[in-house]
Amino acid sequence: MQGKPRPAATAAEALSRMDQYVALGVIAQQEVAQLLGLNVTDLTCLGHILGAGDSPLAAGDLAELTNLTTGAVTGVLNRLERAGYARRQPDPADRRRVRVVADPAAGARIFAVYQPFYDRLGALFADYTPDEIAVIADWFGRASGEVRAHLAQVRSGTSIPGKPDTGPR
């Protein structure tokens, strides 16, 4: 498959388009969370739980994936359990640990909301060669690392010009 000709773009133009995409994504996540009776953080965590599939996550895994504290994840899991979206189950390999699994009916509701969007994105990916998709996937993977680094900097208070470093919160 040969890729389609693409209009030239600078890094600044790509960043501007990324900002627009992220901003729309934030609004969309808020709307979906509200539709499902969740907040955005809980919806994000539920997405990771669903994404784990047959390899349920431990609470610590979820904290690492989301860059949340384990205390915050405990609150998220409590809310997801109360809302019927997920449940804790003992880890068969280590009974002292728990794993988090999504309720199958809740998973079906989430997928029903997101499937039309994923279908649209799938149609977009159909316009790209496997090599182009590999570049896109690589960029998103590497950019996620940069988001984590920036989040750590923001949380440390060192990224705000003119604000003295107050250390970790």
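Being a predicted model, the structure only gives us computed values, none of them experimental.

Break down the side chain of R99 for me, with residues and values.
Examined against the element boundaries, R99 turns out to sit in strand β3 (residues 94–102). With a relative accessible area of 18%, R99 lands in the buried category. Within the structure, R99 has its side chain in polar contact with the backbone oxygen of P56 (distance 3.1 Å). At a separation of 2.9 Å, a polar atom in the side chain of R99 contacts the side chain of D91. The residues touching R99, leaving out its near neighbours within four places in the chain, are P56, L57, A58, D61, R87, R88, Q89 and D91.

Describe the nonpolar core, with residues and values.
L38, L43, L46, I49, L80, Y85 and I110 are the most contacted members of the largest nonpolar core, which has 24 residues in total. Looking at this core, the elements with two or more residues in it are α1 (11–36), α2 (40–52), α3 (59–66), α4 (70–82), β3 and α5 (104–125). Ranked by residue count, the leading element in this core is α2, at 6 residues.

Residue-level account of the environment of D103, with values.
If you trace the backbone, D103 turns up in the loop between β3 and α5. Considering only alpha carbons, one finds D103 and V73, 30 residues apart in sequence, at a separation of 18 Å. At a separation of 3.0 Å, a polar atom in the side chain of D103 contacts the main-chain amide nitrogen of A106.

Could you give an account of the pattern of salt bridges, with specific residues and numbers?
A complete count under the given rule lists 8 salt bridges for this structure. D94 serves as the salt-bridge partner of R96, at 3.1 Å between the closest nitrogen and oxygen. By relative accessible area, R96 is classed as exposed at 77%. D94 sits in the partly exposed class, given a relative accessible area of 21%. Among the ionic pairs, R142 bridges to D138, the shortest N-O distance being 3.5 Å. Note that R142 and D138 are positioned in helix α6 (residues 130–156) at a spacing of 4 residues, about one turn of the helix. Taking relative accessible area as the criterion, R142 reaches 61% and is therefore assigned exposed. Through salt bridges with shared partners, one network takes in D61, D91 and R99.

Let's hear about the side chain of T66: which residues, and what values?
Its location among the elements puts T66 in helix α3. Polar side-chain contacts of T66 include one of 2.7 Å to the backbone oxygen of L62. Discounting residues that sit within four places of it in the chain, T66 has contacts with C45, H48 and V73.

About the thresholds
Residues numbered from 1 in each chain as written. Predicted model: local features only at pLDDT ≥ 70, side-chain atom pairs only at ≥ 80, totals over all residues. Heavy atoms only, no water. Helix = DSSP H or I, 4+ residues; strand = E, 2+ residues; numbered from the N terminus. Buried < 20%, exposed > 50% of the residue type's maximum accessible area, 1.4 Å probe, protein only. Polar contact = N/O pair within 3.5 Å; in protein donor to acceptor, adjacent residues only side chain to side chain. Contact = heavy atoms within 4.5 Å. Core = buried A, V, L, I, M, F, W, Y, C linked by side-chain atoms within 4.5 Å. Salt bridge = Lys/Arg side-chain N within 4 Å of Asp/Glu carboxyl O.

Distances and angles like these do not, on their own, reveal function.
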